[in-house]
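Architecture and fold: a report
Listed here are the chains, written in short residue letters.
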Amino acid sequence: MKKINIGTSDLQVGPLNLGGNVFGWTLDETQSFDILNAFTAEGYNFIDTADTYSVWKPGNIGGESETIIGNWMKVSGNRSDIILATKVGWDFGDGKRKGLSAKYIAQAAEESLKRLQTDHIDLYYAHIDDETVPVEETLTAYDKLIKEGKVRYIAASNLSPSRLTESLNLSEKMGLPKYQALQPHYNLLERELFETEYAPIASAHHLTVFPYWSLAAGFLSGKYRSEEDLSKSIRGQDAAKYLNEKGLNVLKTLDIVAHKHNSVPATVALAWLLAQPLVGAPIVSATSKAQLATLFAAPKLKLDHEDLALLDASSK
Ligand SMILES: NC(=O)c1ccc[n+]([C@@H]2O[C@H](COP(=O)([O-])OP(=O)(O)OC[C@H]3O[C@@H](n4cnc5c(N)ncnc54)[C@H](OP(=O)(O)O)[C@@H]3O)[C@@H](O)[C@H]2O)c1
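Quick summary incoming for the structure in this document. (Residues numbered from 1 in each chain as written. Predicted model: local features only at pLDDT ≥ 70, side-chain atom pairs only at ≥ 80, totals over all residues. Heavy atoms only, no water.)

What about the sheet that holds strand β10 (residues 283-284)?
If you walk across this open sheet you meet the eight strands as β9-β8-β7-β6-β5-β4-β3-β10, and the pairing is parallel. Looking along the sheet, the strands with just one partner apiece sit at the ends: β9 (208-209) and β10. Two elements, strand β8 (residues 179-183) and β9, share two bridges in a ladder whose sense is parallel. Residue pairing in the sheet places Leu182 in a bridge with Val209 of β9. (Pairing = 2+ DSSP bridges. Helix = DSSP H or I, 4+ residues; strand = E, 2+ residues; numbered from the N terminus.)

Here we look at empty space enclosed by the protein
Applying the stated criterion across every chain yields a total of one cavity of 30 Å³ or more. Reported here for the largest cavity is a volume of approximately 40 Å³. Listed by contribution, the elements that provide at least two residues to the lining of the largest cavity are α4 (135-147) and α5 (161-174). Of the residues belonging to the lining of the largest cavity, the class tally is four nonpolar, two polar and two charged. (1 Å grid on protein atoms, 1.4 Å probe; cavity = no way out; pocket = protein on both sides within 12 Å on 5 of 7 lines; lining within 4 Å. Points joined across faces, edges and corners; volume = space filled by probe spheres on them. Nonpolar A, V, L, I, M, F, W, Y, C, P; charged D, E, K, R; others polar.)

A look at the environment of Ser9
Of note, Ser9 is situated in the loop between β1 (4-5) and β2 (12-13). Linking Ser9 and Arg163, residues 154 residues apart in sequence, is a C-alpha distance of 22 Å. Ser9 has contacts with Tyr153 and Gln180, leaving out every residue within four places of it along the chain. Within the structure, the side chain of Ser9 is placed 2.6 Å from the backbone oxygen of Ile6, a separation counted as a polar contact. (Contact = heavy atoms within 4.5 Å. Polar contact = N/O pair within 3.5 Å; in protein donor to acceptor, adjacent residues only side chain to side chain.)

What about the side chain of Thr253?
By the secondary structure assignment, Thr253 is in helix α8 (residues 245-260). Engagement of the side chain of Thr253 in a polar contact is seen with the backbone oxygen of Asn249, the distance being 3.0 Å. With sequence-adjacent residues up to four places away left out, Thr253 is seen in contact with Leu310, Leu311 and Ser314.

Here you go:
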């Protein structure tokens, strides 16, 4: 499998980034282990999670996903084969744990390392900005973690374009660690913000792009085409907002391209992301091995100019 380097780092990852928000949410630990095993058996190595996943599930407290991944790496004895990304900053909702202050980052990193049962995080993301904290404080906190060997590289998600630029410039100016990757909301139905605001920054600063919600929470698999379909998954309501003319038009185009290649819409949607110049790997989750197979097919599917033009026109 061809691996790419993240940014200018020496971290090498395969062309799919397994999304970890389903671990402890729509999948229990045994089911999660099955998906993780199947993912690595295929030769992939890049896993994405966050400290808060999946705090939104009733009864959860956050940290479930990291705990499951930590247990899996321990049982599998494969920590050194995995490139592990996790995140800090999102609100746990307990009134205490959130933000990007130096004090909180140090605490959150320790808690993530404990749950993950590892001594280092390969790629540590700022999950969401904390505009109450100067970027210098946040970057200095990461610098300390890197010097302590607890974090290898850093990355950014959901920062405003101006704060992202400010951070990148300050890293260069002050010799502080620099974000190596960007995790934006980007897929066939969510193009404008990334393509107009973030892509130029990623390009100028050599950030590798790992889009999240690559399948628009499952919508781009084509399984939701009417209101009745929304009950097909616990996550159906998340896809409801795409049940409109544009969403259905994109699905129609995905059907045409999928038919031509004897493929399925989910595979084509991910292949489209992989055909975009700055994208290193789509971040995508699966709740069954059959779904996982549609993900594995994406890097093998080469879309031609005609396919890309059709998809571009329907999703613009
Ligand atoms: N940085 C951020 O703020 C942020 C925000 C959101 C997500 N993320 C990251 O991005 C990752 C991916 O997002 P996501 O998992 O929420 O959404 P997604 O990748 O867009 O959708 C994945 C879901 O779609 C369904 N699916 C996948 N393949 C399918 C197929 N072939 N046929 C039918 N259904 C299929 C599955 O859900 P069901 O089977 O349950 O329908 C699966 O869990 C997350 O795990 C997380 O790591 C980051």
